[in-house]
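Structure at a glance
Listed below, chain by chain, are the residues.
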Amino acid sequence: MIELRGVSFGYPVRRNDGKDHQLVLDDVSMRIDAGSFVSVVGPSGCGKTTLLKLIAGLLRPLKGEIVYGGSNGPDSRPLIGMAFQNAVLLPWRTVLENVIFPLEVVKRWRSELRRRRHEFVERALALLRSVGLEEYAHRMPWELSGGMQQRVSLCRALIHEPDVLLLDEPFGALDMLTREELWSVLQDLWIERRCTVVMVTHDLREAVFLSDTIYVLGGRPATVIGCVTVSYPRPRPLDVCYRDDFVRATRDLRDLLERSSPKVVT
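So, here is what we can say about the structure in this document.

Spatial strand order, β2-β1-β4: three strands in an open sheet with antiparallel pairing. At either margin of the open sheet sits one strand with a lone partner, and together these are β2 (21-32) and β4 (63-68). Between one strand axis and the next, the sheet turns through 25 degrees on average, direction left out of account. Of the strand pairs in this sheet, strand β1 (residues 2-12) and β2 are connected by eight bridges, and their pairing is antiparallel. Residue pairing in the sheet places glutamate 3 in a bridge with arginine 31 of β2.

Taking 1.5 Å of rise per residue, the 18 residues of helix α6 (residues 176-193) would be expected to cover 26 Å, and the 26 Å separating its terminal C-alpha atoms lies within 8% of that figure. Along α6, the residues that are buried comprise Thr178, Arg179, Glu180, Leu182, Trp183, Val185, Leu186, Gln187, Leu189 and Trp190. Next to the buried residues of α6 lie β3 (37-41), α4 (117-130), α5 (146-158), β6 (164-168), β7 (196-200) and α7 (204-210). Structurally, the start of α6 carries an N-cap: the backbone nitrogen of leucine 177 is 3.2 Å from a side-chain oxygen of aspartate 175. Arginine 194 sits one or two residues past α6 and shows a positive phi near 55 degrees.

Okay, the packing of aromatic side chains next. One pass over the structure, following the stated rule, counts four aromatic pairs. Measuring from ring centre to ring centre gives 4.8 Å for phenylalanine 9 and tyrosine 11, while their planes differ by 85 degrees; the resulting arrangement is edge-to-face. On the basis of relative accessibility, which here comes to 6%, the residue phenylalanine 9 falls in the buried class. With a relative accessible area of 31%, tyrosine 11 lands in the partly exposed category. One Lys or Arg, arginine 194, reaches over the ring of tryptophan 190 and ends 4.1 Å from the middle of that ring.

Right, let's get into the pattern of salt bridges. One side chain can pair with another of opposite charge once the charged atoms of both are near each other. Going through the model one piece at a time under the given rule, you end up with 14 salt bridges. Connected through salt bridges with shared partners, the residues Arg116, Glu119, Arg123 and Glu161 form a single ionic network.

As summarised here, the arrangement of the six strands in space is β5-β6-β7-β3-β8-β9, forming an open sheet in which the pairing is mixed. For this open sheet the edge positions go to β5 (80-83) and β9 (223-229), each flanked by a neighbour on one side alone. Going from strand to strand, the sheet's axes swing by 20 degrees on average, the running direction of each strand aside. Both β3 and strand β8 (residues 213-218) contribute to a ladder of four bridges, which runs parallel. Directly across from valine 41, in β8, lies its bridge partner valine 216. Most of the contacts of helix α1 (residues 48-56) go to β6, to which it runs at about 160 degrees, and overall it touches β3, β5, β6, β7 and β8.

Parameters and conventions
Residues numbered from 1 in each chain as written. Predicted model: local features only at pLDDT ≥ 70, side-chain atom pairs only at ≥ 80, totals over all residues. Heavy atoms only, no water. Pairing = 2+ DSSP bridges. Helix = DSSP H or I, 4+ residues; strand = E, 2+ residues; numbered from the N terminus. Axes fitted to C-alpha atoms, helices over the stretch in contact; angles between N-to-C directions. Expected span 1.5 Å × (residues − 1). Buried < 20%, exposed > 50% of the residue type's maximum accessible area, 1.4 Å probe, protein only. Contact = heavy atoms within 4.5 Å. Polar contact = N/O pair within 3.5 Å; in protein donor to acceptor, adjacent residues only side chain to side chain. Phe/Tyr/Trp six-rings, centres within 6.5 Å; stacked < 30°, edge-to-face > 60°. Lys NZ or Arg CZ within 6 Å of the ring centre and 35° of its normal. Salt bridge = Lys/Arg side-chain N within 4 Å of Asp/Glu carboxyl O.

Just geometry here; none of it tells us what the structure is for.
Encoded structure:
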């Protein structure tokens, strides 16, 4: 479980009023249960990516605290995987080598890579098989489509068996059909592995389809203005997106965003 308790964060600036930080997030509190799928939505520039960086430990709050598993000690932070809007694969490495890369740098695994390399290769191939890309293991990234590269990125984020997977608009650069296909791929991976997922997205349909809980950020500086629970049984077929109750849930999210920021476009 991860808890954010009254977290505020700002970036350093020089201001005439004497303040040395431009506040981005203000008094943000949320609870992320272990093994759950949580999405964060909000207008552009409201601090969603900053929130992910705080959870990952890349930034430290100005106020408040982030508690992992009931503790905020220096050794309490879970093992984290991350995937981004752009796949950012290393162009000089094959697909398989890209997937294995975290095992070369994550402290828990890197000392064992030489001794257990065959096992790790099999683990990477199993991940690629689960997303339909095993036959592309020895291809170069530039030989893959954008959707295929994003599947590789997901495999790379999961190869070191993270406790928490952070996703920053992972499908935002893809066309609608590819994006919806990858919703199902991500859902299947999550059901199989049950790591905790926190995803930032601008796509409200994506949030409703994938999530157990959706936090809505609004205001400037941003804070949590709403929390929505999604109770559709899993696995969720794509057809659920066309049900009346799904459309209403998406519209309610949009209405909440528009009330907090009238200029938002979703």
